[in-house]
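The lines below spell out each chain.
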Amino acid sequence: MAEVKFPTEVVDLPSQGLLYPKDSPLSSGTIEVKYMTAREEDILTSANLIKKGIVVEKLLESLIVDKSITSDELLIGDKNAVLIAARILAYGKIYELEYDGQKLEVDLTSLKDKKLDESIISDGVNEFEFDLPATKRKLTFKLLTSGDEKEIDKEVKGFEKVGDGIGYDLTTRLKYQIISIDGDTKRASINSFVDNEFLSRDSMAFRAHVNEIMPDVDMTSTYTDADGNEKEFTVPMTVTFLWPSVGI
């Protein structure tokens, strides 16, 4: 039986592939994805996958043409670029939504990639340094992948079962992101630092720095309010919003 062929598209990655191992297909800076079909809509509407929180992961697995690539490998910003490209290929570039009491239309092709600054990369390794402004301690950190995000979500859900009312999302994310503190790579040292020594002003500065350098899709768009003023807003990116025919 002849192999069924689907139309595909090559998507540029915001990271330009610069933080992946050289033997990874992702190091090319592009990824090939197929157009969505009714099969992918089955994935998006699966109550079981939605309940488990893995609907986007399963969607990506289905869309990525090169099966040697897993969705877990993708940097978060690269994953966002793939999802937006998939949405455009499936339903077109115009995204209709309500915001601030108005019906808006956003041209998703107008959203620009926030590229990785090549000058801060050392030998293509996903590892960066940051000096904390208040305590002057030196952090080495990485940019999170989709796989990291999945593990963080698992841990946070585990903490929620404890029932102490604390979310732990921020501290768990920081523990996954930080590789060393003043050269100390021991996980126990990093965990203790985040829980007991990471001053709020340093944490805020660190998170702002990560957001500044992280390659991603800039989801900022503009609209005109009722008084005629142009304002910026962040385009929401969820399964419900990005796939209008799903209706979940």
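In this report, we go over the structure that sits alongside the text. (Residues numbered from 1 in each chain as written. Predicted model: local features only at pLDDT ≥ 70, side-chain atom pairs only at ≥ 80, totals over all residues. Heavy atoms only, no water.)

### Observations regarding the nonpolar core
Operational definition: Note on terminology: a nonpolar core comprises buried Ala, Val, Leu, Ile, Met, Phe, Trp, Tyr and Cys residues joined through side-chain atoms within 4.5 Å. Summary of the burial criterion: residues with accessible area below 20% of their type's maximum are buried, those above 50% are exposed, and those between are partly exposed, where the area comes from a 1.4 Å probe applied to protein chains only. Any two residues whose heavy atoms approach within 4.5 Å are treated as being in contact.
I31, L139, F141, L143, I178, F198 and F206 are the most contacted members of the largest nonpolar core, which has 42 residues in total. In this view, F206 contacts F130, L132, L139, F141, L174, Q177, I178 and F198; residues no more than four positions away in its chain are not counted.

### Details of the environment of I179
Under the convention used in this document: Put simply, DSSP H or I for four residues or longer makes a helix, DSSP E for two residues or longer makes a strand, and each gets a number counted from the N terminus.
The topology assignment puts I179 in strand β8 (residues 178-181). On the accessibility criterion, I179 (25% relative accessible area) is partly exposed. Sequence spacing of I179 and F198 is 19 residues, and the spatial spacing of their C-alpha atoms is 14 Å. With residues up to four places along the chain from it excluded, the contact list for I179 reads N126, E127, T140, F141, K142, D184, T185 and I190.

### Overview of the packing of helix α5 (residues 146-162) against helix α6 (residues 169-177)
Selection rule: Axis geometry follows a simple rule: fit a line to the C-alpha atoms, using only the stretch in contact for helices, then measure angles between N-to-C directions, giving values from 0 to 180 degrees. Here the angle decides the label: under 35 degrees means roughly parallel, over 145 means roughly antiparallel, 65 to 115 means roughly perpendicular, and every other value means oblique. Working rule for handedness: look at the near helix, and if it is turned counterclockwise from the far one by less than a right angle, call the crossing left-handed; if clockwise, right-handed. Each residue gets one of three labels, nonpolar for Ala, Val, Leu, Ile, Met, Phe, Trp, Tyr, Cys and Pro, charged for Asp, Glu, Lys and Arg, and polar for the others, Gly among them.
For the pair α5 and α6, the least separation of the axes is 10 Å and the interaxial angle reads 140°. Considering the angle they form, α5 stands oblique to α6. The two elements α5 and α6 meet at a crossing, and its hand is right-handed. On α6, the residues touching D148, E149, E151, I152, E155, V156 and F159 of α5 are D169, T172, R173 and Y176. Residues that form the contact of α5 with α6 fall into these classes: four nonpolar, one polar and six charged.

### Some remarks on the sheet that holds β8
Our working rule: Should DSSP find at least two bridges between two strands, the strands are taken to pair.
Strand order in the open sheet made by the three strands is β6-β7-β8, with antiparallel pairing throughout. Taken across any chain shown, the strands that pair with only one partner, and hence form the sheet edges, are β6 (128-131) and β8. Ignoring which end each strand starts from, the neighbouring axes of this sheet average 25° apart. The pairing of strand β7 (residues 138-141) with β8 spans three bridges and is antiparallel. Its bridge partner lying in β8, L139 is registered against I181. Contacting β7 and β8, helix α7 (residues 187-196) crosses the sheet at an angle of about 90° to β8.

### A few points about the pattern of salt bridges
Counted only if it meets this: Basic side-chain nitrogens of Lys or Arg form a salt bridge, by our definition, when they fall within 4 Å of a carboxyl oxygen of Asp or Glu.
Applying the stated criterion to the full structure yields 17 salt bridges. In this structure, E40 and R39 form a salt bridge, with 3.8 Å as the shortest nitrogen-oxygen distance. The shortest N-O distance in the salt bridge between K79 and E149 comes to 3.0 Å. Placement of the pair is K79 in helix α4 (residues 76-91) and E149 in helix α5, with a sequence separation of 70 residues. E149 shares its class with K79; the two are buried. Among the ionic contacts, a cluster of salt bridges with common partners joins K34, R39 and E40.

Taken by themselves, the reported measurements are silent on function.
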